[in-house]
Amino acid sequence: MVHSDTKDGKELTVPLKLLSAGLAGCTADIFTFPLDTAKVWLQVRGEGENTSSSKSGAIISSKQTPVIQRTVRSANAEPLLTKNKIPASETRFNAPKTTQAGAIKMSNVYKGLPLSLKGEKIPKLKGSAAKHYPRLVQPSLKRLGAQIRTGSNLASVAEIGRSKPGMFKTIFRGVQANGFLSLYGGLAAGLQRQVAFCAVRFGLYDSVKGFYQDLFPGSGEGKQIPQRIMAGTTTAVIAVSFFQPTEVVKIRMQAQTTKPKEERMYKNCRSAYRSIFQAGITEAWKGLSTNALRLGVVNVSELVTYDVVKELILDYKLLNDNPGCHFTSAFIAGFITTLVASPVDVVKTRYMNSQPGEYKGPLECAGKLMVREGFRAFYKGFVPAYLRLGSWNIVMFVSLEQYKIAFKKLL
């Protein structure tokens, strides 16, 4: 970045640097937004089912053709009543012939239980069963018994325990269910975010780096990595402090594209902004600390890696200062950034997409994610994240250099 900014003895003004960075960010976002949406889909997947499964109580396993066993348990989990098994074929629930072994919530099983089937009646209960049945069990059976006849609320019984789809299957299912444009859900919010974030992150980087280099002068032959890290961290914190609401809206607009249009909470960006600001400043700047950490990591990884790799390529005369050099530097920066930032990115996405009060803070979100889904959950969506972030870095840095060259010609 230093080499190109001083090329031909011309230095871009700060406003032109901000404009170049904002345009480059938007250019990169337009090309890579579907991969970013797929990444968000993968990262938020499993939120609801993990929350509910942790509260499920008694469970049964399903290994073969699904059947529903009418079992009523008391508070001490002693069987009180067991009736005959009801084959799934006698319901309107189209269950698969075989399923992987997995836990099924008893609450989901009760949702499909009728009080009687083919004239069978629940026998008279005695003792503690008679005491607890009318208050705890019978209302649920009455309210939800008819649902087995309509085939509703039973899909979750079959889905639990199935293997999770990968990136390409997730994209295919999302497009199949909601159309190709669902991959661009929240694009307007994404472009708003890029204009704001990239202009500050990249547009101010050289100026802030120069400030730290003057403040902490080092060896003239060194790369002054600490000053670069401080500059990348500073511009990231500035960006997220002022423009965090654009990040919240972008993530929520992307996450809701997995639902049918009539079930989505926000119709457009304006309704999303109105909703989060009506909920208060805390909601609008939700996840500020998490995003500041994540963006600081990303910004340092992207800018410092790109900056240093590019300078090394030019210093050792491996390539000239051309798109080939920019491409190589950006490719390496994208991989390093994805590897370092993915865990923070997953926690940030989960926390920002959560309902108010679901988590006390990002640390609790990260802790529950670790307990419920394991360490691998922190790298959910890694492939689309790398494809997106790697390609985003390539498009962004190459276009940024070209925008700078174009604006220099206007000086």
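The shown structure was predicted, so the numbers you read here are calculated from the model rather than taken from an experiment. (Residues numbered from 1 in each chain as written. Predicted model: local features only at pLDDT ≥ 70, side-chain atom pairs only at ≥ 80, totals over all residues. Heavy atoms only, no water.)

Caption draft 1: Highlighting the pattern of salt bridges. As enumerated under the stated definition, the model contains 18 salt bridges in all. Linking Glu247 and Arg193 is a salt bridge whose minimum nitrogen-to-oxygen distance equals 2.0 Å. Taken together, the positions of Glu247 in helix H11 (residues 225–255) and Arg193 in helix H9 (residues 187–201) put the pair 54 residues apart, joining distant regions of the chain. Given the relative accessible area of 5%, Arg193 is considered buried. The residue Glu373 makes a salt bridge to Arg350 at a minimum N-O spacing of 3.0 Å. (Salt bridge = Lys/Arg side-chain N within 4 Å of Asp/Glu carboxyl O. Helix = DSSP H or I, 4+ residues; strand = E, 2+ residues; numbered from the N terminus. Buried < 20%, exposed > 50% of the residue type's maximum accessible area, 1.4 Å probe, protein only.)

Caption draft 2: Focus on helix H14 (residues 288–315). Over its 28 residues, H14 runs 39 Å from end to end, which matches the ideal 40 Å to within 8%, given 1.5 Å per residue. Most of H14 sits inside the fold, with 22 of its 28 residues counted as buried. Positive phi appears at Lys317, one or two residues downstream of H14, with a value of about 55°. (Expected span 1.5 Å × (residues − 1).)

Caption draft 3: Looking closely at a nonpolar patch on the surface. On the surface, a nonpolar cluster with roughly 590 Å² of combined accessible area is contributed by Phe327, Phe331, Ile332, Phe335, Ile336, Leu339 and Val340. Note on placement: Ile336 falls in helix H15 (residues 323–352). Overall, the relative accessible area of 33% leaves Ile336 in the partly exposed class. (Patch = residues over 30% accessible without salt bridge, like charges linked within 9 Å, V, L, I, M, F, W, Y side chains within 5 Å. Areas by Shrake-Rupley, 256 points an atom, 1.4 Å probe, with all protein chains shown as cover.)

Caption draft 4: Main features of unusual backbone geometry. Backbone geometry at Gln224 places phi at a positive 50°, although glycine is not the residue there. Residue position: Gln224 is located in the loop between helix H10 (205–215) and H11. Located in the positive-phi region is Lys317, a residue other than glycine, with phi close to 55°. Taking relative accessible area as the criterion, Lys317 reaches 71% and is therefore assigned exposed.

Caption draft 5: Quick look at the packing of aromatic side chains. Scanning the model with the defined rule gives 14 aromatic pairs in all. Considering the side-chain rings of Phe202 and Trp392, the 6.2 Å spacing of their centres and the 35° angle between planes classify their relative orientation as tilted. With Phe202 in the loop between H9 and H10 and Trp392 in helix H17 (residues 382–410), the pair connects residues that are 190 residues apart, well separated along the chain. Residue class for Phe202 comes out buried when judged on its relative accessible area of 3%. With relative accessibility at 2%, the residue Trp392 sits in the buried group. (Phe/Tyr/Trp six-rings, centres within 6.5 Å; stacked < 30°, edge-to-face > 60°.)

Caption draft 6: Molecular detail of the packing of helix H2 (residues 14–44) against H11. For the pair H2 and H11, interaxial distance at closest approach is 9 Å and the crossing angle is 80°. Taken as axis vectors, H2 and H11 run roughly perpendicular relative to one another. Here Phe33, Asp36, Thr37, Val40 and Trp41 of H2 come into contact with H11, specifically with Lys250, Ile251, Gln254 and Ala255. Of the residues contributing to the contact of H2 with H11, the split by class is five nonpolar, two polar and two charged. (Axes fitted to C-alpha atoms, helices over the stretch in contact; angles between N-to-C directions. Parallel < 35°, antiparallel > 145°, perpendicular 65-115°, else oblique. Contact = heavy atoms within 4.5 Å. Nonpolar A, V, L, I, M, F, W, Y, C, P; charged D, E, K, R; others polar.)

Caption draft 7: Quick peek at the nonpolar core. With 22 residues, the main nonpolar core has Phe202, Trp392, Met396, Phe397 and Leu400 as its most contacted residues. For this core, the elements supplying multiple residues, two or more each, are H2, H10, H14, H15 and H17. In terms of nonpolar packing, the next biggest core, distinct from the first, is built from 12 residues, Met253, Cys269, Ile276 and Met352 among them. (Core = buried A, V, L, I, M, F, W, Y, C linked by side-chain atoms within 4.5 Å.)

Caption draft 8: Summary view of the environment of His326. Residue position: His326 is located in helix H15. Take His326: its relative accessible area is 1%, and that puts it in the buried class. Placed 67 residues apart in sequence, His326 and Asn393 show a C-alpha to C-alpha distance of 9.8 Å. Not counting chain neighbours up to four residues away, the residues in contact with His326 comprise Tyr306, Lys310, Asp321, Val398, Glu401 and Gln402. Within the structure, His326 has its side chain in polar contact with the side chain of Asp321 (distance 2.7 Å). (Polar contact = N/O pair within 3.5 Å; in protein donor to acceptor, adjacent residues only side chain to side chain.)

No statement about biological role is implied by the geometric values presented.
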